[in-house]
Structures are given as structure tokens and as C-alpha cells.
Amino acid sequence: MPSKFSNSLRDFNQSFSWFRLIASLLGGVLLLFIISPILGMVFATPLESLIKTAGEDEVQQSIWLTIWVAMAATLIFAILSIPLSYLLARFEFPLKRLVLGIIDLPVVIPHSAAGIALLGFMARDSFLGKASSTFGLSLVGTSGGIALAMAFVSVPFLINYAREGFAAVPERLEKAALNLGASPTRVFFTISLPLAWKSIVSGLIMMFARGMSEFGAVIVVAYHPMITPVLIFERFGSFGLKYARPVAVLFIGVCLLVFILVRLIARKEPRDA
Amino acid sequence: MLKVEGLSKKFKEFAICDITFEVNKGDYFMLLGPSGAGKSMILEIIAGIVKLDNGQIWINGNDVTKASIGKRSVGLVFQDLAVFPNMSVSQNIGYPLRRKGIKKIDEQKKVFEIAEKLSISNLLDRNPALLSGGELQRVALARTLAVEPKVLLLDEPLSSVDVRLRSGLMALLRSLNREGQTILHVTHDYDEAISLGSHVAVVNSGTIVQTGTPVDVFRNPASEFVANFSGIKNFFQGSISDKTEHGLKGFSINGLKVWFYADEIESNGFICFPENAVSVSIDKPENSALNTFQGTIVDIFPQKHGFEVWVDIGVRVAALVTWESVEKLGLKTDKKVWISVKANSVRFIPKV
């Protein structure tokens, strides 16, 4: 029995053209460009140093901190982003293009600049700083501040994915549900949200991933507690490449593992609640 | 039951103008018209999905013009059915029941009852993606019936069903109506309108051009559009120009004269006669027919029961000829033939 792989290889060969050959070669070069530095780093890291690094409290704590803060930032901002995405997908309103532009703003500005802007926004004498300090919370130099920095640079991914997901849900299904007597809230939770779920999950994963890997904005807002990207930077600055590498490899491994897990969990779509 | 008055809505390149009609309790009301005539839009306006510019809608005496979609007591079955793909068949049918605070067990009972009635109880656990067009149609219908709508709005309900299953679905709709369900049904199919409707409104270009019982509308089409739409091909406008003592009237169309019997006082109007009342011969017929014309065959093509032959006698007249006659007479395009039309098969419709 020919395998799936040999079948697709045969299909590929049968439709040979010079264009496809050249495109494949160019694409191959690009893939190498992405994969080889990472593989190079992995192979340059001895297993024992990896195990030793994995045992360090400082490393473990920073990886946990990075994961849970990124996760918390994603989930909290999802509550704000998903309804907005729905509005953007379904309704026309004045200045909609401006709103769309604002949403993409964090992607285009330098992240260190975003960090500086956020620092001013959450400093003790700012409105947000004052408001949070009345509850005994401080943002600068805390995990709360890190979460805000992560969310600021990563939330456009969630909004855009979710918006595309909602736009792909046929409006007719929503109208049919309304005609069957469902309230707009029920229509949202039983029709729109489940049908856009796949895109929303992709958006959540993208936001989470982007948040976890954020460095520029976070380092300005909170050098400590140290998230892993900052830790990697610090070890590189203080001790050099050799000491930064094991943490980097470990963190990449953890990231991959988390994404695979999230994908597996999100595979099951929610049904009518 | 349902009263629509002066309903108007303007779109970019299309408008619905001054639609007025009334559907009584127990009626099977057909909105008949070609694609793009605005029929579906009328249904969506009644259901509250599309907002209207002008006009009023009453259901059971209540003004629902501004009521929200879910509060109009109408159930709309969309042309594309809009069965929820993320729910099983039974969840689809149960969807409108859940809001009413019905217990789960009663909901299931009701779902099963409706499914039984529509012969889809074997599909309850299925995923809609795996159903045929006919099955989906029944699921959409079942789901809408679960709302117990005062008026059931159907948008081309037979269009997604193949011919084999059509009669079954038509029988189902008829029996629903006999049980007292008021139905407003949109279609482009003349046969469907005749066979199901107790009342018909013909819609063209966003307006209602004629309303009545199917017999009224198709016996006395008020315009060439309605006549053509109802399958009458020989429909001519002109005026009565001659009269005889015996009640015969001469009707002039482009210089031709067609004789027929009528007591009409009006002189302007239309005449029509069925295709099978036109006989074709090679030589001038030596019968008593008053209406005998010579012409040329301009088109000939097969139909279910013989050939449709179009003869140009100054105006184009359609005749239905059997297969045998076409062969025997050697009928083909450009051939010169005689046609005759019996005077008592010609009907006069005065211009309103």
C-alpha cells in the first residue's frame, strides 16, 4: 500500500513545472534559515548543561512565571477582545477603520517604545497607578505589569483572528436563531461563538505565544520578577553565550510543549450550551 | 391573521413598492414571481430580519411593524435552510423550545413528536452535514414548527429537493395547512402555486401585480407578465373592432383579426388561447374555423407531450403538435403552414 507521503510525492512529481521547482528551492532556503539557527543552538548545547539548568530554581521560577502570566494576560484580555471582535465583524459604525487601525498599532510600534509608553501609563502617579495602589496593588516591577506589557503587544493577534472567525459565520444562522426566539446573547453563545471557535482558539494561541516571547516591552516595565526572555538576556549579558544557550533551548522546548498541549485541548469544539 | 399594508423598502438597485395583501387564518397563500422579484425580501421584512422604510404589518390584529425578530410569532424557513451545523438534528429542533423554560424531558418528547410528524425521527442523532437536501428541508421545517408560529413563512421550500421527493414534501405542506397552519409560501414555480395555494399574489419587480385564487389569477391574468408566467403563450393585446349579430367579435392585433364569442362591452384588452387549441396544416383547412391564418414556422422544439411549434402570422403564435403530426406533415423551420384557432377557445380579458 502506498503511504500518504508517497502519494502526495507522486502528485507533486506528476505536476512538475519549472516554476514549482524554483519556488520549492526558494522556499527550502527560507525553511533552512528558520530551522538551522535553532537546531544549531540545540546541538551546541550539551545535555548535561541542559539538565543542570533545568534544575536551577531561578530558571524554573522564571519559566513558570512566563507561562502563567502570559496565560492570565490572554484569558483576561479575551473577555475584552472577543466581544469587540464580534462587533467589528458584524456591524458597520462610524470610524470603524480608525478602530481597526488602533488595534493594529501595537504590532507596528517598537516594543521598547511600547514599554516606555506603558511605564508612564502605569506609574504610581498615573491614573491607573493610583487606582491600583488604592487596592494595594502596584503594577511597575510586578507580574501585573508584565501581564499588561504582554497583553499590549499581543492582543491584536487575538482580535484579528477572532474577527475573521466571526465574519466567516453566516449571518443567516444568527438571523434564523433570532427568528426561533433566541435572545441576541443566546445567539452569540450558541451559534456565533461555537462556529467561530476554531479561529478564536488560533487567536488565543497566537496571543499566548506572542505574550510568552515578549521581551522589549516587558524589560522596560519589569526587569524583576524575571520572565525567561529577560533571564536569557541577563545571562547572555553577564556570562556570555554559553550560559544563555541552555535556558534558551529549555524555554523553546517548553513553549513547543505548551502549544501542542493547548492545540490538543482546544481540538474539541464546544457544542450548544 | 397576517395583514401587510403599503410595505416599501428601497435598496441600492432595487425597491419593493407598496406591497399590500392579507392572509386569513388557515390560508395557504402563495407569493409567486420570477427570481429577483423581491419575494424573499417580503418574507424577511415580515419576519423582521430586514427593516422596512414604510408600511405596516399586523399579526392577529397586533401591529408588529416595530416588534423584534423573536416576538412576531412567525416562523421563517430560509431558502438555504440555515440548519445549525454545530448541533445535531434533535438539538436543532429543540433549539426554540429551550427558551420557554420547558423541562428537558418534555423538550425531548416534543422534539420526538415533531420529528415523527415530519418522518425524520430516525435522523435525530445525526449531524446535519451528513443529510440530503430533502432531509435538511424537513429538519428546518421541524425546527420552525417547534416555535408554533401563527404564520409559517416558507422561502422556496421545494427548491432544494429533487423531483422524486417533491410530491412527498408537497403532501406534507398540504397536510400541515389542513391541520390549520397558516402558510405564506414564496415560489417561482407556477405548478407549485396552483397545486398548493388557496390564494396567489403574483410579484414582479418589487410590486404585487395581481392577487386572487389560483383559478382567478390564471384564468384571468391581468397582464401579459402574469399570462406568460402562468404558461399561457398566446396572449395578445389589441381591441375589439367588429361585431356580428350572433355575438361574434373581431379582435384586431397588428392588422390581423381574430374572431371569438364574448359579451364584453369594453373594447380594449387582451385575448388568449391555449397552445393545444391551435391546429397546424400544410394546406388551407376546409373546415368551419373562422380564424385561419397562413404563416411561417420560426421555431420548433420538443416538449413533454409533442412539439411546440411557433408560427409567425404577423404575430408569433404557439401551437402544440403531436410527434406523429410533426413527422407526417414534415414540419420544420421556414416551412409555410396554415394555422386555425377555434373561436370558442379564445378568451377575452378586458384591460383594467
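Fair warning: this is a prediction, and the values are worked out from it, not measured in the lab. (Residues numbered from 1 in each chain as written. Chains lettered and ligands numbered in written order. Predicted model: local features only at pLDDT ≥ 70, side-chain atom pairs only at ≥ 80, totals over all residues. Heavy atoms only, no water.)

It is not clear to me how the overall build of chain B should be interpreted in this structure. Could you clarify?
Regarding its fold elements, chain B presents nine helices and 20 strands. With respect to the principal axes defined by its C-alpha atoms, chain B has extents near 80 × 45 × 40 Å. Going through the 352 residues of chain B one by one, you find that 51% of them count as buried. If you take every contact in chain B between residues at least 6 apart in sequence, the share linking residues at least 24 apart comes to 64%. Surface summary for chain B: the accessible area is close to 16,800 Å², and the carbon and sulfur share equals 49%. The centroid of the 41 positive side-chain charges in chain B is displaced by 5 Å from the centroid of its 39 negative side-chain charges. (Helix = DSSP H or I, 4+ residues; strand = E, 2+ residues; numbered from the N terminus. Buried < 20%, exposed > 50% of the residue type's maximum accessible area, 1.4 Å probe, protein only. Contact = heavy atoms within 4.5 Å. Areas by Shrake-Rupley, 256 points an atom, 1.4 Å probe, with all protein chains shown as cover. Lys, Arg positive; Asp, Glu negative; His and termini not counted. Charge placed at Lys NZ, Arg CZ, Asp CG, Glu CD.)

Just checking my understanding: could you explain the overall build of chain A for this structure?
Secondary structure assignment for chain A yields 13 helices and zero strands. Along chain A, helices and strands appear, N-terminal first, in the series α-α-α-α-α-α-α-α-α-α-α-α-α. Counting only C-alpha atoms and orienting by the principal axes, one finds that chain A spans roughly 70 × 65 × 35 Å. For chain A, the proportion of its 273 residues judged to be buried stands at 38%. Within chain A, counting contacts between residues at least 6 apart in sequence, those at least 24 apart form 75% of the total. Total accessible area on chain A stands at roughly 15,900 Å², and carbon and sulfur atoms take up 73% of it.

Please clarify how a nonpolar patch on the surface should be interpreted in this entry.
A cluster of nonpolar side chains, namely Leu30, Phe33, Ile34, Ile35, Ile38, Leu39, Val42 and Phe43 of chain A, defines an oily patch on the protein surface of about 800 Å² accessible area. With respect to the helices and strands, the residue Leu30 of chain A is situated in helix 2 (residues 18-43). (Patch = residues over 30% accessible without salt bridge, like charges linked within 9 Å, V, L, I, M, F, W, Y side chains within 5 Å. Salt bridge = Lys/Arg side-chain N within 4 Å of Asp/Glu carboxyl O.)

Just to check I follow, could you spell out the pattern of salt bridges for this structure?
Pairs can form between side chains of opposite charge whenever their charged atoms are close. Counting across every chain of the model gives 18 salt bridges over all chains. Put simply, Arg172 of chain A and Glu44 of chain B hold a salt bridge, and the shortest N to O gap is 2.4 Å. With Arg172 of chain A in helix 9 (residues 171-179) and Glu44 of chain B in helix 1 (residues 39-47), the pair connects residues from two separate chains. You can call Arg172 of chain A partly exposed: its relative accessible area is 27%. In this structure, Lys233 of chain B engages Glu308 of chain B in a salt bridge whose closest nitrogen and oxygen atoms are separated by 3.0 Å. Residue Lys233 of chain B is found in the loop between helix 8 (224-229) and strand 11 (234-243), and its partner Glu308 of chain B is found in strand 17 (residues 306-312); the two are separated by 75 residues along the sequence. With a relative accessible area of 32%, Lys233 of chain B lands in the partly exposed category. Through salt bridges with shared partners, one network takes in Glu56, Glu58 and Arg235 of chain A.

I would appreciate a short explanation of the domain arrangement of chain B in the present structure.
By a widely used convention, the size of an interface equals the accessible area lost when the partners come together. Once the domains are mapped, chain B shows domain 1 (2-228) and domain 2 (263-350). Each of domain 1 of chain B and domain 2 of chain B has a C-alpha centre, and the two are 40 Å apart. (Domains from an automatic or database assignment.)

Sorry if this is basic, but what is going on with the confidence of the model for chain B here?
Segments scoring low in pLDDT should not have their predicted coordinates read at a detailed level. Residue-level pLDDT values for chain B average 88, and 97% of them are 70 or greater. In the predicted complex, the global pTM is 0.80; the interface-specific ipTM is 0.80. (pLDDT = per-residue confidence, 0-100.)

Explain the environment of Ala171 of chain B here, please?
Residue and element names in this part refer to chain B. Looking at the secondary structure, you find Ala171 in helix 5 (residues 163-178). The class of Ala171 is partly exposed, set by a relative accessible area of 38%. Distance from Ala171 to Lys150, taken between C-alpha atoms, is 20 Å for residues 21 residues apart in sequence.

How should the domain arrangement of chain A be read in this particular structure?
According to the domain assignment, chain A contains domain 1 (1-43) and domain 2 (53-272). The gap between the C-alpha centroids of domain 1 of chain A and domain 2 of chain A is 33 Å.

Which parts of the structure should I look at to understand the nonpolar core?
Soluble globular proteins tend to pack their nonpolar side chains together in the buried interior. Counting residues in hydrophobic clusters, the biggest one holds 52 residues, and the most contacted among them are Ile146, Phe166 and Ile200 of chain A. Top element by residues in this core is helix 4 (residues 57-90) of chain A. It accounts for 12 residues. Ranked by size, the runner-up nonpolar core spans 44 residues in total, among them Ala182 of chain A together with Ile42, Ile46 and Phe78 of chain B. (Core = buried A, V, L, I, M, F, W, Y, C linked by side-chain atoms within 4.5 Å.)

Just to check I follow, could you spell out helix 10 (residues 184-212) of chain A for this structure?
Over its 29 residues, helix 10 of chain A extends only 35 Å from the first C-alpha to the last, a length that falls short of the 42 Å expected when each residue adds 1.5 Å. If you look at helix 10 of chain A, its biggest bend is around 60 degrees, right at Trp197 of chain A. (Expected span 1.5 Å × (residues − 1). Bend = angle between axes of the 7 residues up to and from the residue.)

I would appreciate a short explanation of the sheet that holds strand 11 of chain B in the present structure.
What holds strands together in a sheet is hydrogen bonding between their backbones, with the strands either parallel or antiparallel. Residue and element names in this part refer to chain B. In space, the five strands of this open sheet follow the order 13-12-11-14-20, with antiparallel pairing throughout. Here the strands that pair on one side only, and so sit at the sheet edges, are strand 13 (256-261) and strand 20 (347-350). Put simply, the sheet's adjacent strands are angled 45 degrees from each other on average, direction ignored. Bridge count between strand 11 and strand 12 (residues 248-253): four bridges; the pairing is antiparallel. Each residue of the ladder has a partner; that of Lys243, found in strand 12, is Lys249. (Pairing = 2+ DSSP bridges. Axes fitted to C-alpha atoms, helices over the stretch in contact; angles between N-to-C directions.)

Can you walk me through the pairing of strand 16 (residues 291-303) of chain B in this structure?
Side chains on a regular strand alternate between the two faces of the sheet. Residues and elements named next belong to chain B. When strand 16 meets strand 19 (residues 336-341), the two strands line up antiparallel, connected through six bridges. Its bridge partner being in strand 19, Thr296 is matched across the sheet by Lys336. Relative to strand 17, strand 16 runs antiparallel, the two sharing seven bridges. Note on strand 17: the bridge partner recorded for Phe301 is Glu308.

What is the right way to read the packing of aromatic side chains from this model?
The description of an aromatic ring pair uses the distance of the two centres, along with the angle that the planes make with each other. Residues and elements named next belong to chain B. Inspection of the entire model under this criterion finds 17 aromatic pairs over all chains. Ring geometry for Phe84 against Tyr95: centres 5.0 Å apart, planes inclined by 65 degrees, an arrangement best described as edge-to-face. Taken together, the residues Phe84 in the loop between strand 6 (74-77) and helix 2 (89-98) and Tyr95 in helix 2 connect sequence positions 11 residues apart. By the burial criterion, Phe84 is buried, and Tyr95 matches it. When the ring of Phe236 is compared with that of Phe273, the centres are 5.9 Å apart and the planes differ by 35 degrees; the resulting orientation is tilted. (Phe/Tyr/Trp six-rings, centres within 6.5 Å; stacked < 30°, edge-to-face > 60°.)

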